[in-house]
Amino acid sequence: MSDVAPFGDFVEKSRTVLGNLVDMTRDISWSELLTFWCGFNHQDDTFSWGSYLRVVYCNDPDNVGAVSRNYPGNYVSTTRYSLVNFIPKSLFEQFRRVANLYFLAIACVSYSPVAPFTPLSTFAPLVIVVGAAMTKEALEDWRRRKQDINANNRKVEVYCRKDHEFQVTRWKNVRVGNVVKVCKDQYFPADLFLLSSSYVDGICYVDTMNLDGETNLKLKQSLDVTSVIKDEKSLEAFDAVINCEKPNGNLFSFAGMLKYGGRDYPLSLRQILLRGSKLKNTDFIYGVAVFTGHDTKVMQNATNPPSKRSKIERKMDKIIYILFSILILISCIGSVIYGIETRRDLDGRRMRRWYLRPDESTSLFDPKRAPLSAFLHFLTGLMLYNYLIPISLYVSIEIVKVLQVVFINQDQEMYHKETNKPSRARTSNLNDDLGQVNTILSDKTGTLTCNSMEFVKCSIGGVAYGQTETEVERALARRDAESSNIDEEVPAGMAGRDMQPAPSKRRIKGFNFRDDRIMDGEWGNQENAEVIREFFRALATCHTVIPAIDRSTKEQFYEAESPDEAAFVVAAREIGFEFLDRKQTFITLLERDFRSGRHVNRKISILDILEYTSTRKRMSVIVRTEEGRLMLYSKGADSEMFKRLSEKGRRFETETMKDIKSYSQSGLRIMVVAYRELNEEEYRTWKEEIEEAKADLSADREEWVHAVADKIEKELILLGATAVEDKLQEGVQECIEMLAEAQINIWVLTGDKQETAINIGYACRLLRQQMQLIIVNLDLPEIVELERTKDREGIEAASVASVRNQLFEGMNRIALANKFDAQFGLIIDGKSLDCALSKKLEDLFLNLAGGCATVICCRSSPKQKALVTRLVKWKMGRTTVAVGDGANDVSMIQEADIGVGISGVEGMQAVLACDFSIAQFRFLERLLLVHGHWCYRRIAMMICYFFYKNIAFGFTLFWFEGYASFSGQPAYNDWYMSCFNVFFTSLPVIALGIFDQDVSAYLCLKYPFLYREGVKNILFSWHRILGWMANGLVSSVIIFFCMTNTMTYQALRKNGKVTDYEVLGIALYSSVVLAVNCQIALSINYFTWIHHLVIWGSIAFWYVFLMVYGSLSPTLSTTAYMAFLETSAPSILYWLCTVLLVATALLPYLSYRAFQMRFWPMPHDVIQQLHRDGAKGNDPGTNVPVGDERTPNEKLSCGGSGTP
């Protein structure tokens, strides 16, 4: 009650203020005043309309209600940074990495007395590395900024009510409520409510390619009441209010209400034009801006995809922690020894190392306070040994991955010429994961198939028509012929039918039907001619297709929201029911009268369209024929349609269901067609209900509309069923066979019926003849009986028990067949999958699925696809790739480790959500087996080498510390250490990561088993990583101890002085630089001129740097001053020791590799040997080394995993 008084006071004050506004041209109703108040009371957002609180004052953007709500402008920004926040935000991003944060701390501490080197030499490499990363971020953000500038400054015409005319302005100036005029081929600047168009009936055609990627035009239609607004004069008096939903990212729904002329009109998506779409085939439209800027649906969808990190990157973090642990350990060892030695330096008045003057020392060296000195030495050690952590590792990997992506994008072998679509990598984070994929989860329609539907068969009145043989039928015939050795075997469901190819005829897109009984007007001679007429009239009427004319050929074609709809309309046309034109309230058909044989134009009034959704799984239209009959035509999935049939409408049910089963076995997509005649009173009552439901602005509006639609979609009369074929994409069969040879498990998650999915599986060779099938479904008599009782608890309990038993039975079959090395395929339907994904059964289901080479989930929903993907990824610990092409695949794509979108005909939703996009499923073979293998190998080798070279370098510092009594004196000049990772060893490892190939692309595809290197993670396993680290440790021991024992007492100077600290540092450093660069030369399999340039160039650059830097003033060059030119360079001993030590340091690696290749060759070693044998005249595909009788793939399966 406490809020009532303030509300009343506020209303009274508001009425007083509003009464004094002389510019107000209309009265403000109490509902509007309430809306005005809600605009200030932000704590009560759900006050009246729940989530529907947006109020748009059409043609009045300066209305006090609109101003009070403070709607955002139409300026959009997709940049990550601004001029103000770039430096702090980008720095924050860079120093989120532990290694960078550590180096920043080291650089800060370098200003203290405990630092073993100068601050500048520490800061410089950090600035270079962080600066390079920030520059990359800045360039990427600047490209986004330029796109924003272009979009915000596009021109549009906005109506000025004061001047009574349209004025040109920029997109960024459009406000909520503005009336805008958009002309043909222009983009819509905001989400607009369609007022009218250049067409009399207020329709317009919209290209939504930028939103969903669909190339077909969408039909939009204004309300009758606003379609008369055609010019500036009619806009003068236009004044309306729109109450609608809050901004959201749902591109496929809109709920709102137009208050105009004292009446309320419900609004739907049909009246909304979304920003980013384009006006086509329409001269102009008038629209009211409803959502602007970041409130528009396209911007609401512009969210960043889930952050994904590759397996190698996650493992690399653990290795960094190991190196940190090693760094702390050796710092502790050094500080303990240093503390013990320091304490011993002063014993009373006796000084052990008197030359260090322990009696006059600071806290850094104080025998009286040895623990403090030891602790400070520990801090010195943390800075001194920081070279164990590769500072340039992250930047180098980013550079390499970005350039790897360039090669993927430019691969001509993955370019689809027919659609002009190349492959595209939308992220560079997951390149190496492409080489470690264990399981592929794929959609079927549009992914394995073309999603280019062809009408091939139909069942009308219980009679099957259509004699075209489908791909699946041919595949089944081959399978049966292989099993029975009878080439003439007829596929299931095709017995007694004419399988001869159809006579040659002009190819018609979407129509591959042939049956002389109903073609060319012969349908009128059939006994069921009346049923055939209603069947094809339903196909010609029940749709949202738009007829259009091809400008080049002048032929008519159909713009449809799905390929199925276009195929149905084309089929109706070819039989004799041609769809000619669509207006706002009627369509025109050209029918062939079966009695007279003449063609008759029929005008059919469209009263209502109940659109298809994935929830309803059906579509209906209510029409009035020229004879005045009220007809409802409906088409949909058999699971939804059969339960809506009336008792008298089931006359052909048995025959139709038999034909549907046969079509499903042939891999065809089924749609059941039915109708009913309505009476006027029933329709009038229903019409009032549906209008009331559409006018509702509550959150459950959509459910209400569906419930009302259900009331009239009943008591239907069955006409028949259509069967359309979605052909397999080119190369799918070969691709699946290749992936199976690579032992990649393939799961197909489809909405098809079980029979269809199984036969498609055989057609694309996902299921093979020798494979045993485990089928889990709930099509059991006891379950069906329970479903009739509608006892939900009983049904659930029985279903779970049945699925559990079937899963156990499948496990037993696999266990019994293990000794026979049999392969299994698991087929599970949607209802069973619901039970299998429950907490009780998910482990059992995954154990069974893990034992099968192929899994097919039928009748699966988008949610189930995502759940299955999540379980495989987390519970089974497998690297997953999800492949899809439609909006229903987005959740699965985002859930998987790697999402691959097929840029097909279902739109761009999957592509926009994916990590990699390809035009055809067959390109997945090259993406994984070639680019995936290369990227995985390159990144793994690159990281292992990074740790090798840093340990080899860092431990020479540790050994020198021991040699110098852990005094904190570094072995090298400050700038030597700073430049090691940045200049002298960085380019060779980057070149390895970009260009190296263990085998060619041809051999990767010829021997797909090579891919198992990545799946088993052979090249980045812990023992391999530790092996490389051990190699670095051994190299450091050889270089340091051999060099110090050889050079220490040698007189290299002209004055006879023996080797000092400066010369020993140069000798050690030169040996390390040469050793690590020669090591990478030995590791590279595929040399290019770039490799030679960067490897030998890095070595040469070290010596050039040494001469130039050593020639500078001693205040700059310090210990390097003339040390090389005067001492090391003239000495033969220096050069001889360097060469011999480098060779000795590489000897352990060479010995190990020789031993490994002889006794435990890795898979790529075997293929390289086979390739070399082939180059000598042998066939690399069949021959193996002398004395080895194994086949190439057998050798691969036995390949070792070796360390370096």
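Within each chain, residue numbers correspond to sequence positions counted from 1 in written order. Totals for whole chains, interfaces and linings use all residues, but because this is a predicted model, local features are given only for residues with pLDDT of at least 70 and pairs of side-chain atoms are given and counted only at 80 or more. With hydrogens and water excluded, all non-hydrogen atoms of the structure serve as input to the side-chain values.

## So, the overall build of the chain
Here is step 1 of the chain: For the chain, the helix and strand inventory stands at 41 helices and 35 strands.
Here is step 2 of the chain: A simple rule labels every residue: compare its accessible area, found with a 1.4 Å probe on the protein chains alone, to the largest value its type can have, and call it buried under 20%, exposed over 50%, or partly exposed in between. Residues classed as buried in the chain amount to 56% of the 1204 residues present.
Here is step 3 of the chain: Per-residue accessibility takes into account occlusion by the displayed protein chains alone, with areas from the Shrake-Rupley method and a 1.4 Å probe. Taken as a whole, the chain presents about 52,700 Å² of accessible surface, with 55% of it coming from carbon and sulfur. Only runs of H or I of at least four residues qualify as helices and only runs of E of at least two qualify as strands under DSSP, and these elements are numbered from the N terminus.

## Topic: the sheet that holds strand E7 (residues 218-221)
Here is step 1 of the chain: When DSSP finds at least two bridges between two strands, those strands are taken to pair. The 3 strands are arranged E7-E6-E12 in an open sheet whose pairing can be described as antiparallel. The sheet is open, and its two edges are formed by E7 and strand E12 (278-280), each paired on a single side. Direction aside, the axes of adjacent strands within the sheet are offset by 45° on average.
Here is step 2 of the chain: Looking at chain direction, strand E6 (residues 203-207) and E12 are connected through 3 bridges and run antiparallel. The residue bridging Tyr 205 from the neighbouring strand is Lys 280, located in E12. Fitting a line to C-alpha atoms yields each axis, with helices limited to the stretch in contact; the angle taken between N-to-C directions then spans 0 to 180 degrees.

## Quick look at the sheet that holds strand E33 (residues 880-884)
Here is step 1 of the chain: The 9 strands lie next to each other as E16-E35-E34-E33-E17-E29-E32-E31-E30, forming an open sheet whose pairing is mixed. Two strands in the sheet have a free side with no partner beyond their single neighbour: strand E16 (424-425) and strand E30 (772-776).
Here is step 2 of the chain: By the bridge criterion, 4 bridges tie E33 to strand E34 (residues 898-902) in an arrangement that is parallel. Paired with Val 881 across the two strands is Ile 898, which belongs to E34.
Here is step 3 of the chain: Set on the sheet, helix H29 (residues 923-963) makes contact with strand E17 (439-442), E33, E34 and strand E35 (916-918); between it and E35 the angle comes to about 140°. In what follows, a contact means two residues having at least one pair of non-hydrogen atoms within 4.5 Å.

## Considerations on the pattern of salt bridges
Opposite charge on two side chains allows them to pair when their charged atoms are near.
Here is step 1 of the chain: Criterion for a salt bridge: a side-chain nitrogen of Lys or Arg within 4 Å of a carboxyl oxygen of Asp or Glu. Scanning the model with the defined rule gives 48 salt bridges in all.
Here is step 2 of the chain: The partner of Lys 297 in a salt bridge is Glu 245, with the nearest N and O atoms 3.1 Å apart. Of the two residues, Lys 297 is situated in helix H9 (residues 297-300) and Glu 245 in the loop between strand E8 (240-244) and strand E9 (256-260); the sequence distance between them amounts to 52 residues. Neither Lys 297 nor Glu 245 differs from the other in exposure class; each is buried.
Here is step 3 of the chain: Residues Glu 680 and Arg 624 are paired through a salt bridge, measuring 2.8 Å at the closest nitrogen-oxygen approach. Remark: Arg 624 occurs in strand E25 (residues 618-624) and Glu 680 occurs in helix H18 (residues 680-695); sequence separation between them is 56 residues.
Here is step 4 of the chain: One network of salt bridges, with partners in common, ties together Arg 616, Arg 618, Glu 640, Lys 643, Arg 644, Asp 710 and Glu 713.

## Comments concerning the packing of helix H30 (residues 974-984) against helix H36 (residues 1089-1110)
Here is step 1 of the chain: Running from amino to carboxyl end, H30 crosses H36 at an angle of 150°, the nearest separation of the two axes being 11 Å. The orientation of H30 with respect to H36, classified from their angle, is roughly antiparallel. Viewed along their axes, H30 and H36 form a crossing whose handedness is right-handed. Across the interface between the two elements, Trp 975, Tyr 976, Cys 979, Phe 983 and Phe 984 from H30 touch Ser 1098, Phe 1101, Trp 1102, Phe 1105, Leu 1106 and Tyr 1109 from H36.
Here is step 2 of the chain: Note on residue classes: Ala, Val, Leu, Ile, Met, Phe, Trp, Tyr, Cys and Pro are nonpolar, Asp, Glu, Lys and Arg are charged, and everything else, Gly too, is polar. Among the residues making up the contact of H30 with H36, the classes are represented as 10 nonpolar, 1 polar and no charged. Between 65 and 115 degrees an angle is taken as roughly perpendicular, under 35 as roughly parallel, over 145 as roughly antiparallel, and anywhere else as oblique. Left-handed describes a crossing whose near helix is turned anticlockwise from the far helix by less than a right angle; the clockwise case is right-handed.

## Here's the deal with the packing of aromatic side chains
Here is step 1 of the chain: Pairing of aromatic rings covers Phe, Tyr and Trp, the last through its six-membered ring, and needs centres within 6.5 Å; plane angles under 30 degrees mean stacked, over 60 mean edge-to-face, and all others mean tilted. Inspection of the entire model under this criterion finds 53 aromatic pairs.
Here is step 2 of the chain: Pairing Phe 1040 with Phe 1041 gives two aromatic rings, centres 5.1 Å apart and planes at 90°, and the pair type is edge-to-face.
Here is step 3 of the chain: Of note, Lys 181 hangs over the ring of Phe 284, and the distance from its end group to the ring centre comes to 5.1 Å.
Here is step 4 of the chain: Only when the NZ atom of a Lys or the CZ atom of an Arg is both within 6 Å of the ring centre and within 35 degrees of the ring normal do we say a charge sits over the ring. Positioned above the aromatic ring of Phe 586, the side-chain terminus of Lys 603 is 4.2 Å from the ring centre.

## Considering the side chain of Asp 191
Here is step 1 of the chain: Topologically, Asp 191 is positioned in strand E5 (residues 191-197).
Here is step 2 of the chain: We count Lys and Arg on the positive side and Asp and Glu on the negative side, and we leave His and both chain ends out. No salt bridge is formed by the buried Asp 191, whose closest oppositely charged neighbour, Lys 297, lies at an N-O distance of 6.0 Å.
Here is step 3 of the chain: Within polar-contact distance, the side chain of Asp 191 engages the backbone nitrogen of Arg 275 at 2.8 Å.
Here is step 4 of the chain: In protein, a polar contact requires one atom able to donate a hydrogen and another able to accept it; more generally it is a pair of N or O atoms within 3.5 Å, and residues adjacent in sequence count only if both atoms are side-chain atoms. There is a polar contact of 2.8 Å between the side chain of Asp 191 and the backbone nitrogen of Lys 297.

## Structural notes on the nonpolar core
Here is step 1 of the chain: Each nonpolar core is a collection of buried residues, namely Ala, Val, Leu, Ile, Met, Phe, Trp, Tyr and Cys, held together in the definition by side-chain atoms within 4.5 Å. Grouped together as the largest cluster of nonpolar side chains are 116 residues, with contacts concentrated most on Tyr 972 and Tyr 976.
Here is step 2 of the chain: Per element, the largest residue contribution to this core is 18 residues, and it comes from H29.
Here is step 3 of the chain: Apart from residues lying up to four places away in sequence, Tyr 976 is in contact with Ile 1066, Tyr 1069, Trp 1102, Phe 1105, Leu 1106, Tyr 1109 and Ala 1120.

## Some thoughts on unusual backbone geometry
Here is step 1 of the chain: For Asp 520, which is not glycine, the phi torsion reads 55° and is therefore positive.
Here is step 2 of the chain: Structurally, Asp 520 is set in the loop between helix H13 (471-484) and helix H14 (529-541).
Here is step 3 of the chain: Even without being glycine, Met 1122 reaches a positive phi, approximately 55°.
Here is step 4 of the chain: In this structure, Met 1122 sits in the loop between helix H37 (1114-1117) and helix H38 (1123-1128).

## Description of the pairing of E7
Here is step 1 of the chain: Side chains Lys 218 and Lys 220 project from E7 onto one buried face, and the interleaved Leu 219 and Gln 221 project onto a second face that is buried too.
Here is step 2 of the chain: Sheet topology places E6 next to E7; 4 bridges connect them, and they run antiparallel. Looking at E7, one finds that Ile 203 is bridged to Gln 221.

## Description of the confidence of the model for the chain
Here is step 1 of the chain: Note on scores: pLDDT gives the predictor's confidence for each residue, bounded by 0 and 100. On average, residues of the chain score 81 in pLDDT, and 86% of them reach the 70 mark or higher.
Here is step 2 of the chain: Per-element confidence in the chain ranges from a low mean pLDDT of 32 for helix H2 (residues 30-40) to a high of 95 for strand E13 (residues 284-291).
Here is step 3 of the chain: Every residue in residues 486-504 scores below 50 in pLDDT, and together they form 29 contacts with partners more than four places removed in sequence or on other chains.

## Comments concerning the pairing of E9
Here is step 1 of the chain: Burial runs high along E9: 4 of the 5 residues are buried.
Here is step 2 of the chain: Sheet topology places E8 next to E9; 4 bridges connect them, and they run antiparallel. Within the sheet, the bridge partner assigned to Asn 243 lies in E9 and is Met 257.
Here is step 3 of the chain: Bridge count for E9 against strand E10 (residues 263-267) is 5 bridges, and the pairing is antiparallel.

## With respect to the side chain of Ser 1036
Here is step 1 of the chain: Structurally, Ser 1036 can be placed in helix H34 (residues 1022-1047).
Here is step 2 of the chain: Among the residues examined, Ser 1036 registers a relative accessible area of 0% and is labelled buried.

## A closer look at helix H4 (residues 86-94)
Here is step 1 of the chain: Taken together, the buried positions of H4 are occupied by Phe 86, Ser 90 and Gln 94. Buried residues of H4, seen end-on, are gathered within an arc of 55° and therefore sit on one face of the element.
Here is step 2 of the chain: Those residues of H4 hidden inside the fold are in contact with helix H5 (98-109) and helix H6 (119-152). Think of it as the arc spanned by the lines of direction from the helix axis to the C-beta atoms.

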